[in-house]
Amino acid sequence: MKDQDRKSYLASVTDRYVKGQISRRDFMASATKLGLGAGALGMGLTGRPMGGRAMAQEALTPNPEILAWLKDAAAPFKGTVLKLATEATPPSNALNSQLKKYFEEATGITVEIEILPLEQVLQKLTLDVASNLGTYDLYYIDQSWAASFSRDVFDPREQTADKPDLAMPNWNIDDFLPALVDGISRYEDRLVGVPYDIPVFIMIYRKDIYDKFNLTAPLTMNQLLENSKIITAEMGPEVYGTTGQMKSGHYSLECDWTAWLWGHGGSIFGADGQFTGNDAQGLEAMAYWDQLKATMPPGVDGWTWDGQGQSVAQGVAASMLSWGEFFPYFDDANETKVSGLCEVAVPPAANSLRTVGETGFGEIPGVGHQGGSSLAVSRYSKSPDAAWLFMQWATSADTQALITTLGGGTGPTRASVYDDPRVKANARVGAGTTRHLDVVRETIANHMGSEPDLPEWAQLSSDTIPVGLGKYFAGDYGSAKEALDDIAAQVGEVMKG
Amino acid sequence: MFQTRSQRLLRTIAGWLVVGAFFFPIYFWASVAFRSSKDIFNWPPKIFAFTPNLRNFEEVFGISLGTAPQTISPGGGNFYMAPRLLDSIIIATFSTILAISVATIAAYCLSRMPFRGRHHFVNWVLSTRMMPPVAVAIPMFFIFKQFTLLDTYTGVILIHGLMNLPLAVLLMKSFFDDIPSEIDESALIDGASRWTIFRRIVLPMAKGGIAASAVLCFIFSWTEFLFVLTLTQTGLKTVPVVSSTFVTSIGTAWGNMAALGFAAIIPAFLVVLLVQRHLVRGLTMGSLKQ
């Protein structure tokens, strides 16, 4: 039996067992036929009709053919130590805690992954680039930093062309979702690595509460507002209609702002490169946001995505337009009060949407705000070839499928991984579910919004804009127009340098 | 002073309230370490009525007691922090030894040996504490990289020792100043050398001061964040720096963070306990003028 067929069959058997369609005896018999040992059969599935990971651990190991190729290709680099500083995202966590050992065993290359909060990753990378010291071999590059680091990393297309003997068979750069390549990894004519992870805004809502009031997943901005008003009026202050990530001065506030701005036909920059968040559409978006905020819990302007996620997880909010990464966590019965109660939908349609040609710096308007990061090899690395091998392996379809299943249902950046049987098998209620990924894929393809790419964007998105917006919600400005005009002036100052 | 029964009662209640105000945050933080996420974020908050479990400790210390949904594999999880606690203990202990060893001798010299500009010298030592650490951290990164001290125990112990040295020198000097110099003079007349006086006479008398300084150096090193963040990578990390890694892209692992924080209180508490007898004496040294 081919490896792929074996995995598909195992996924199907496991899925049927988890759903209670076959007995443990039948499952064991099937698994034994596949050559799984006793350890695989005691994988903790008993007595867990909903939670837990559905896949047998033996199925969740890297493709042996790829490992064999790596062993040969990495022979000259045995003993090398690679370093990567990254945010604690699901892919990084899965690689660090569960998967990198396979790469290390196959290649003899040691991979040290330093997991840090996002702002500390930026500090480390900035220091590394400024010093040209090459203390890190691989860079985790948030999409908002792509322009800043574009000249400090190798373009993966160049690496593939320059080192054909190190090009992993079937790595297939074209498999990365084109929208993500454009939104996360492309800056001007260069690829700043390849898409590594993709948190994207999707609509998450409490199906039980929506059903109670005969509501449906919002298809439009107005429907979201109306739904939220009804729930807050009927269930507040115990439960609010929706929630947000509106902490003053934090990047999360800028993320929320862009969703409403883009959804009302606005954009951050115009085609002439001037800030346009304060135009008529920008003001319309702020008026909408003000109304929506009235349906949110009182503490919302002190929350980042952390507090926002908790407000849904603890049953305080009935919906959120936010990062899809949260959904597998919501399904975890051990951690939240809403396991199995939430459903997903694509973001509400925009009232109107600007075209890319009407915006500046490659900004792509869309209600599904896209975050995400790239993985790239540093130009200052002392071992760029070994790092390139690791990068290919870490972003290969096989490894991404493992990351998605082991890393808690995070959204893959490759098209093929969404259809991987191991990923499909986890599409059930429970921790690490992948049952939201069809919506994630649909959002990436048709509803995704992407921030502009310019060297000043890291400062604008994490300081200038969210500080101004935070001051507005704190009542420091007389009106939304006054606030946005002030932000426009400050953005202009930053752009002038 | 005579107090009525109601005054005594009021005083006791006030005392308990003050103690409660200081103790409650520690209790709540410790209790978070024993809670599941559902209990941590419950609204209204559960102060006492929660189901305690050890899952957070299992994940942080890589031990499996059978309470976690999945088996905990030692060293396998992202929240496995036991080695980081050990890093903290090594760094805080040796940087304290370094700072106190140098500071004791320096402070004795400044206290007992007059030389031109001694007063300015003391001010100069103090002024090194006035520079914001962030101004030093980046240059230090380049220096450490040059001397291959990045990501090493030696490097972090050195920087913490240097960081604590001025404070330790000034503290120790004030303790030595409180020991009458006539004792030194008598010993000198009896033929003792400076080193003998320092080692046999002054040092034992300043034990309380040394203990107080050592505790402060230990705590400053134990809680220092910026230098460790800048000068380390994957080789070692201290508790304050790894605590920030519980902040993930899908929220903060408060339970794990509290488990590590709670465990991290214990070594510092033990150090204070060990030197408590000397500490009380050291902190009150010089409070009575003769």
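Fair warning: this is a prediction, and the values are worked out from it, not measured in the lab. (Residues numbered from 1 in each chain as written. Chains lettered and ligands numbered in written order. Predicted model: local features only at pLDDT ≥ 70, side-chain atom pairs only at ≥ 80, totals over all residues. Heavy atoms only, no water.)

Caption draft 1: Spatial organisation of the overall build of chain A. A tally of helices and strands in chain A yields 22 helices and 12 strands. For chain A, with 497 residues in total, the buried portion stands at 63%. Once local pairs closer than 6 in sequence are excluded, the contacts in chain A between residues at least 24 apart make up 74%. Carbon and sulfur atoms form 51% of the exposed surface of chain A, whose accessible area is close to 17,300 Å². (Helix = DSSP H or I, 4+ residues; strand = E, 2+ residues; numbered from the N terminus. Buried < 20%, exposed > 50% of the residue type's maximum accessible area, 1.4 Å probe, protein only. Contact = heavy atoms within 4.5 Å. Areas by Shrake-Rupley, 256 points an atom, 1.4 Å probe, with all protein chains shown as cover.)

Caption draft 2: Region of interest: the pattern of salt bridges. Residue and element names in this part refer to chain A. For the structure shown, the criterion picks out 31 salt bridges over all chains. A salt bridge links Lys 424 to Asp 438; the nearest nitrogen and oxygen atoms lie 3.8 Å apart. Here the residue Lys 424 occupies a position in helix α19 (residues 421-424), and Asp 438 occupies one in helix α20 (residues 437-446), the gap between them amounting to 14 residues. By relative accessible area, which is 40% here, Lys 424 ends up partly exposed. When its relative accessible area of 48% is taken as the criterion, Asp 438 is described as partly exposed. One salt bridge in this structure joins Lys 481 and Asp 485, with 3.1 Å as the shortest N-O distance. On the criterion of helical spacing, the pair formed by Lys 481 and Asp 485 is a turn pair, its members being 4 residues apart in helix α22 (residues 480-496). Judged by relative accessible area, Lys 481 falls into the partly exposed class, the value being 42%. (Salt bridge = Lys/Arg side-chain N within 4 Å of Asp/Glu carboxyl O.)

Caption draft 3: Main features of a nonpolar patch on the surface. A contiguous nonpolar surface patch, about 930 Å² in accessible area, is contributed by B:Trp16, B:Val19, B:Phe23, B:Ile26, B:Ile265, B:Ile266, B:Phe269, B:Leu270 and B:Leu273. At 5 residues, the largest contribution of residues to the nonpolar patch is made by helix α13 (residues 254-274) of chain B. (Patch = residues over 30% accessible without salt bridge, like charges linked within 9 Å, V, L, I, M, F, W, Y side chains within 5 Å.)

Caption draft 4: View of the sheet that holds strand β7 (residues 201-206) of chain A. All names here are of chain A. One open sheet holds the 3 strands; their spatial order is β8-β7-β9, and the pairing between them is antiparallel. Looking along the sheet, the strands with just one partner apiece sit at the ends: β8 (319-323) and β9 (342-345). Within the sheet, the average angular offset between the axes of one strand and its neighbour, ignoring direction, is 30 degrees. Against the sheet, helix α14 (residues 305-313) makes contact with β8 and β9, and its axis sits at roughly 140 degrees relative to β8, the strand it touches most. Along the sheet, α20 makes contact with β7 and β9, crossing β7 at roughly 140 degrees. (Pairing = 2+ DSSP bridges. Axes fitted to C-alpha atoms, helices over the stretch in contact; angles between N-to-C directions.)

Caption draft 5: View of the side chain of B:Ser88. One can find B:Ser88 in helix α4 (residues 82-112). Setting aside chain neighbours within four positions, we find B:Ser88 in contact with B:Trp222, B:Thr238 and B:Val239.

Caption draft 6: Inspection of the interface of chain B and chain A at higher detail. Listed as interface residues are 33 residues of chain B and, on the opposing side, 37 residues of chain A. When the two sides are added together, the surface that chain B and chain A hide from each other amounts to roughly 3,100 Å², 53% of it contributed by carbon and sulfur. The tally of links from chain B across to chain A stands at 3 salt bridges. In this structure, B:Asp151 engages A:Lys83 in a salt bridge whose closest nitrogen and oxygen atoms are separated by 3.6 Å. At the junction of chain B and chain A, the tally comes to 10 residue pairs in polar contact (both at pLDDT 80 or more). Of all the secondary structure elements, the ones that give two or more residues to the side of chain B that touches chain A are α2 (37-40), α6 (133-146), α11 (226-231), β1 (247-248) and β2 (251-252) of chain B. A total of 4 residues in the side of chain B that touches chain A trace back to one element, the largest contributor, which is α6(B). (Buried area = accessible area lost by both parts, 1.4 Å probe. Polar contact = N/O pair within 3.5 Å; in protein donor to acceptor, adjacent residues only side chain to side chain.)

Caption draft 7: Local environment of the packing of helix α4 (residues 64-73) of chain A against helix α5 (residues 90-107) of chain A. Residues and elements named next belong to chain A. Between α4 and α5, the shortest axis-to-axis distance is 8 Å and the interhelical angle comes to 45 degrees. Between α4 and α5, the interaxial angle falls into the category oblique. Where α4 crosses over α5, the handedness of that crossing is right-handed. Of the residues in α5, those in contact with Leu 67, Leu 70 and Lys 71 of α4 are Tyr 102, Phe 103, Ala 106 and Thr 107. Residues of the contact of α4 with α5, tallied by class, amount to 5 nonpolar, 1 polar and 1 charged. (Parallel < 35°, antiparallel > 145°, perpendicular 65-115°, else oblique. Left-handed = near helix turned anticlockwise from the far one by under 90°. Nonpolar A, V, L, I, M, F, W, Y, C, P; charged D, E, K, R; others polar.)

Caption draft 8: Local environment of the pairing of strand β11 (residues 373-377) of chain A. Residues and elements named next belong to chain A. Burial analysis of β11 places 5 of its 5 residues in the buried class, the great majority of the element. In terms of strand pairing, strand β3 (residues 138-142) meets β11 through 5 bridges, oriented antiparallel. Bridge assignment links Ile 141 to a residue of β11, and that residue is Ser 374. Relative to β11, strand β6 (residues 194-197) is paired through 3 bridges, and the arrangement is antiparallel. For Asp 197, the partnering residue across the bridge sits in β11 and is Ser 373.

Caption draft 9: Structural view of the layout of surface pockets. Approximately 1,100 Å³ is the volume attributed to the second largest pocket. Of all the secondary-structure elements, those providing two or more residues to the lining of the second largest pocket are α6 (118-131), α14 and α21 (457-473) of chain A together with β1, β2 and α13 of chain B. A per-element tally of the lining of the second largest pocket places α14(A) first, with 5 residues. Residue classes in the lining of the second largest pocket are distributed as 19 nonpolar, 16 polar and 7 charged. (1 Å grid on protein atoms, 1.4 Å probe; cavity = no way out; pocket = protein on both sides within 12 Å on 5 of 7 lines; lining within 4 Å. Points joined across faces, edges and corners; volume = space filled by probe spheres on them.)

Caption draft 10: Quick look at the packing of aromatic side chains. With the rule as written, the count across this model stands at 36 aromatic pairs over all chains. Centre to centre, the rings of A:Phe269 and A:Phe275 are 6.5 Å apart; their planes meet at 90 degrees, and the pair counts as edge-to-face. Grouped by ring-pair contacts, the aromatic residues A:Trp257, A:Phe269, A:Phe275, A:Phe361 and A:Trp457 constitute a single cluster. A cation over an aromatic ring shows up here: A:Arg414 above the ring of A:Phe176, its NZ or CZ 4.1 Å from the ring centre. The aromatic ring of B:Phe50 is capped on one face by B:Arg35, whose charged end is 4.2 Å from the ring centroid. (Phe/Tyr/Trp six-rings, centres within 6.5 Å; stacked < 30°, edge-to-face > 60°. Lys NZ or Arg CZ within 6 Å of the ring centre and 35° of its normal.)

Caption draft 11: The arrangement of empty space enclosed by the protein in detail. All names here are of chain A. Throughout the structure, instances matching the rule amount to 5 cavities of 30 Å³ or more. Lining the largest cavity are 15 residues, and of these Glu 87, Asp 142, Pro 199, Trp 305 and Gly 372 sit closest to its centre. Grouping the constituent residues of the lining of the largest cavity by class yields 6 nonpolar, 5 polar and 4 charged.

Shape is all these values report; function is a separate question.
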